[in-house]
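Architecture at a glance
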There are 2 protein chains.
Amino acid sequence: MSGPDFTKLELIPVIAQDVEKGDVLMLAYMNQEAYQETMRTGHVCYYSRSRQKLWRKGEESGNVQLLKEIFFDCDADTLLVKVDQVGGAACHEGYRSCFFRKLDPKTGAVEVIGERVFDPAEVYKPAEVYKPAEVYKKG
Amino acid sequence: MSGPDFTKLELIPVIAQDVEKGDVLMLAYMNQEAYQETMRTGHVCYYSRSRQKLWRKGEESGNVQLLKEIFFDCDADTLLVKVDQVGGAACHEGYRSCFFRKLDPKTGAVEVIGERVFDPAEVYKPAEVYKPAEVYKKG
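First, a word on what this report is: a plain description of the structure on this page.

**Overview of the packing of aromatic side chains**
Within the structure shown, the criterion is met by six aromatic pairs over all chains. Between A:Y46 and A:W55, the aromatic rings sit 5.3 Å apart at their centres with planes inclined by 45 degrees, giving tilted as the arrangement. Residue classification places A:Y46 among the buried residues on the basis of a relative accessible area of 0%. Classification of A:W55 as partly exposed rests on a relative accessible area of 23%. Arranged with centres 5.6 Å apart and planes meeting at 45 degrees, the rings of B:F6 and B:Y35 form a pair that is tilted. One end of the pair, B:F6, is in the segment before β1 (12-18); the other, B:Y35, is in helix α1 (residues 32-41), and 29 residues separate them in sequence. Grouping residues by exposure puts B:F6 and B:Y35 together as buried.

If you want it as structure tokens, here you go:
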């Protein structure tokens, strides 16, 4: 196999894992175009299912993901990217990881783990303009 | 939010991560029934898209996954399970992780990383009968 097979699935799930700490940050999707852009630029680009267009992660918040390693699975229908998460938070709610809600299998109780790295209200200002040059300097 | 939302998606992707070493082992899917069985039994149960039925991981190979922690994401449409992978290999090809193929973003070259823990030809014998009592003793 030579890579992910977009003929099987138009959108392939992508697991993003912090390259240093190893925690799972998020799951999103790539189409072939997003995958090719990611490979070419070294900045992780997903495909947004809700907005139905390429989603250059961090475009708005500045929290880009720098691609460090990339793997595909035995069925060639899932990707794993190891990233350097600029800004320290992958989640749009301001948490380091999107998986900040833990379930207790016995009781079903939900516990919020992890701390907020940023306040979403501060980061996602309606009129903010994306300035890639400034963002990428951080990485 | 009180847990994964199966009204949004009938099948929710589930990332399995080794609870000790933190490496990502595989991605599979759960429907509500698989999720409930996982929560009730503490053994990870997926839904097989190809076979269209519940997939009690390790049922055939003995490589069950013991549920240690479970998280859901900010959109309530992805799960993360931290597991104790009995037998040390999650992949049906005998590798510890299904993500044993690494891509070079510059050249597209594929490198196999990680070693085979078992030989699939030895494990998946056609006539083998599933013996849960023997399997679960190992955990």
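The structure having been displayed, the exposition proceeds.
**Things to note about the interface of chain B and chain A**
Contacts between chain B and chain A engage 42 residues on the former and 42 residues on the latter. In this assembly, chain B packs against chain A so that about 3,300 Å² is buried in total across both faces, 68% of it on carbon and sulfur atoms. Three residues stand out in chain B for area buried against chain A, namely B:F99, B:R101 and B:L103, and they jointly supply 20% of the buried area on that side. For B:E69, the salt bridge identified is with A:K102, shortest N-O distance 2.6 Å. Here chain B is connected to chain A by 12 residue pairs in polar contact (both at pLDDT 80 or more). Sorting the residues of the side of chain B that touches chain A by element identifies β1, β2 (24-30), α1, β5 (65-72), β6 (79-85) and β7 (101-103) of chain B as the ones contributing at least two each. Of the residues contributing to the side of chain B that touches chain A, the split by class is 25 nonpolar, seven polar and 10 charged. The pairing of strand β5 (residues 65-72) of chain A with β7(B) spans three bridges and is classified as antiparallel. Bridged to A:F72 within β7(B) is B:R101.

**Let's talk about the layout of surface pockets**
For the largest pocket, the calculated volume is near 630 Å³. Surrounding the largest pocket, 26 residues form its lining, A:S48, A:R51, A:W55, A:H92 and B:D75 being those nearest its centre. If you list the elements that add at least two residues to the lining of the largest pocket, you get β2 (24-30), β3 (45-48) and β4 (53-56) of chain A. When residues in the lining of the largest pocket are grouped by element, the largest group, four residues, is from β2(A). Per-class residue counts for the lining of the largest pocket are 11 nonpolar, six polar and nine charged.

Definitions and cut-offs
- Residues numbered from 1 in each chain as written.
- Chains lettered and ligands numbered in written order.
- Predicted model: local features only at pLDDT ≥ 70, side-chain atom pairs only at ≥ 80, totals over all residues.
- Heavy atoms only, no water.
- Phe/Tyr/Trp six-rings, centres within 6.5 Å; stacked < 30°, edge-to-face > 60°.
- Buried < 20%, exposed > 50% of the residue type's maximum accessible area, 1.4 Å probe, protein only.
- Helix = DSSP H or I, 4+ residues; strand = E, 2+ residues; numbered from the N terminus.
- Contact = heavy atoms within 4.5 Å.
- Buried area = accessible area lost by both parts, 1.4 Å probe.
- Salt bridge = Lys/Arg side-chain N within 4 Å of Asp/Glu carboxyl O.
- Polar contact = N/O pair within 3.5 Å; in protein donor to acceptor, adjacent residues only side chain to side chain.
- Nonpolar A, V, L, I, M, F, W, Y, C, P; charged D, E, K, R; others polar.
- Pairing = 2+ DSSP bridges.
- 1 Å grid on protein atoms, 1.4 Å probe; cavity = no way out; pocket = protein on both sides within 12 Å on 5 of 7 lines; lining within 4 Å.
- Points joined across faces, edges and corners; volume = space filled by probe spheres on them.

Geometry only, nothing functional implied.
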